[in-house]
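Chains, contacts and geometry: an overview
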Amino acid sequence: MRKNDYRKLAFMGILMIVLLAFHTYTGREKETFPEVRFITESSVPLNLTDFDPNELDAKQWEHLGFSEKQISTLLNYKKMIGGRFSSKAQLKKCYAVSPEKFAELESYLLLPDTDKDASSGKFKGYEKKEIAISRKFNPDGLSNAEWINMGFSERQAESIIKYKNYLGGSFISKEKFKECFIISSDNYTKMEPYLLLPAKTPDHFKNSAKNYAVKSRIQYRNFDPNMADLEGWKALGFSERQAQTIVNYRDRNLRGSFKTPEDLQKCFVISPEKYQELKPYIKLNPTVDKKQETDFSKIDLNIITFKQLLEFGLDEKSAGSMIGFRKKLRGFVNKQQILDTYNIDKDLVQKLISIAPLDVSNVPKYTLTEAPEEWLKDHPYFKYSADKIIFYRTTYHDDQKILKLLKLKPQYEERMKLYLK
């Protein structure tokens, strides 16, 4: 009897501890967790084009710059929603995709904007085609039209050829062909038996057009390197990547112009041999009136253009990030926001904001009770609390009361207040 009494007392003691712990836990105020923000080192791949995220395997997500943990979250999220992303909005909800990363990928996604667009039939931009192959072939020799006839879209065909040119004019091996982002795992499996390419990449191969360039007879003509655009440099025998490097070097490092022919030698993608080939045809024209330089002390940072940012010295990635973030915010309200922009050259931007003015008079601001739902759900500072705001304002009509109910961290509340009346 005594033994049973002890057991009962012990059980009652454990039960009381559990109940006390549960009461303490449920009685606490809910904590406000910080935003989850993933940082990736790589940006959009060189040959990225339209793609269906439903077709990507783990390796292809990795090419897009996602970490192993993020990829696992993405694939699990896809399973949870039924095995397919039905819209851009649905993919955007996955917390492994940061707002900045989604902004980079959005224009390439072959998905309707919303589930409503999908059900209404508004999305007509993409019809999946099966790849048709009837004979063995060497992919090095296929034209744009032949890739399209095989079942790829026009933009996909262009990207496959760009990737080949990036490698130097040849896919080199089945291994390298498989690395082309446009070639999904399923399509590669179908194509592999028909590919007339070595299985393995040679040990001495380097991912450079310099080593595997297709020799062609280029008909050189006199040219001004300060007037040459991307296509102009490609016509001189450079790969797209090399051409972009030269343009960036001129526009960013040299602030828009080569002063002497020797300046071209300092660009690392122009080999000494290539420079000697080009030298007789380089004609810097000092008599041509230079474009009027922008007076950045008079350019409003809320209307400065992508082209003007490039003129100031930002690269395309920095300029695109700044313009994209400004668009999401509907305008900057202070210069610190510009410095906080993801993926920018902070030193150059610091220099820019110390010179250029910021006019905030046209930036839209609302009260929490009047703000349009679309604005709340899309604005970077409100989107994570949008549903709660919409719910609370059905009962309360005072911004301070709603802010108190949101229980935000002080820094998040201060960000919101920048755009509140």
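About the thresholds
- Residues numbered from 1 in each chain as written.
- Predicted model: local features only at pLDDT ≥ 70, side-chain atom pairs only at ≥ 80, totals over all residues.
- Heavy atoms only, no water.
- Helix = DSSP H or I, 4+ residues; strand = E, 2+ residues; numbered from the N terminus.
- Buried < 20%, exposed > 50% of the residue type's maximum accessible area, 1.4 Å probe, protein only.
- Phe/Tyr/Trp six-rings, centres within 6.5 Å; stacked < 30°, edge-to-face > 60°.
- Lys NZ or Arg CZ within 6 Å of the ring centre and 35° of its normal.
- Patch = residues over 30% accessible without salt bridge, like charges linked within 9 Å, V, L, I, M, F, W, Y side chains within 5 Å.
- Areas by Shrake-Rupley, 256 points an atom, 1.4 Å probe, with all protein chains shown as cover.
- Salt bridge = Lys/Arg side-chain N within 4 Å of Asp/Glu carboxyl O.

On to unusual backbone geometry, then. Of all residues except glycine, most have a negative phi; of all peptide bonds, most are trans. Residues other than glycine seldom take positive phi values, yet Ile-172 does so here, at roughly 70 degrees. The residue Ile-172 is located in the loop between helix H8 (154-167) and helix H9 (174-178) in this model. Judged by relative accessible area, Ile-172 falls into the buried class, the value being 9%. Despite not being glycine, Asn-343 has its phi angle at roughly 70 degrees, a positive value. Of note, Asn-343 is situated in the loop between helix H16 (335-339) and helix H17 (346-355).

Another aspect to go through is the packing of aromatic side chains. One pass over the full model with this rule turns up 17 aromatic pairs. Ring centres of Phe-223 and Trp-233 lie 5.8 Å apart, and the angle between their planes is 85 degrees; on these two criteria the pair is classed as edge-to-face. In this pair, Phe-223 sits in the loop between helix H10 (185-191) and helix H11 (230-235) while Trp-233 sits in helix H11, placing the two residues ten residues apart along the sequence. Grouping residues by exposure puts Phe-223 and Trp-233 together as buried. Taking the centre distance of 4.8 Å and the plane angle of 40 degrees together, the rings of Trp-375 and Phe-382 count as tilted. Looking at Phe-382, the relative accessible area reads 0%, which means it is buried. Through successive ring pairs, a cluster of aromatic residues spans Phe-137, Trp-147, Phe-152, Phe-171, Phe-177 and Tyr-188. Positioned over the ring face of Phe-66 is Lys-101, at 5.7 Å from the centre of the ring.

Taken together, the side chains of Phe-11, Met-12 and Leu-15 define a hydrophobic patch exposed on the protein surface, amounting to about 300 Å² of accessible area. Exposure remark for Phe-11: the relative accessible area of 55% places this residue in the exposed category.

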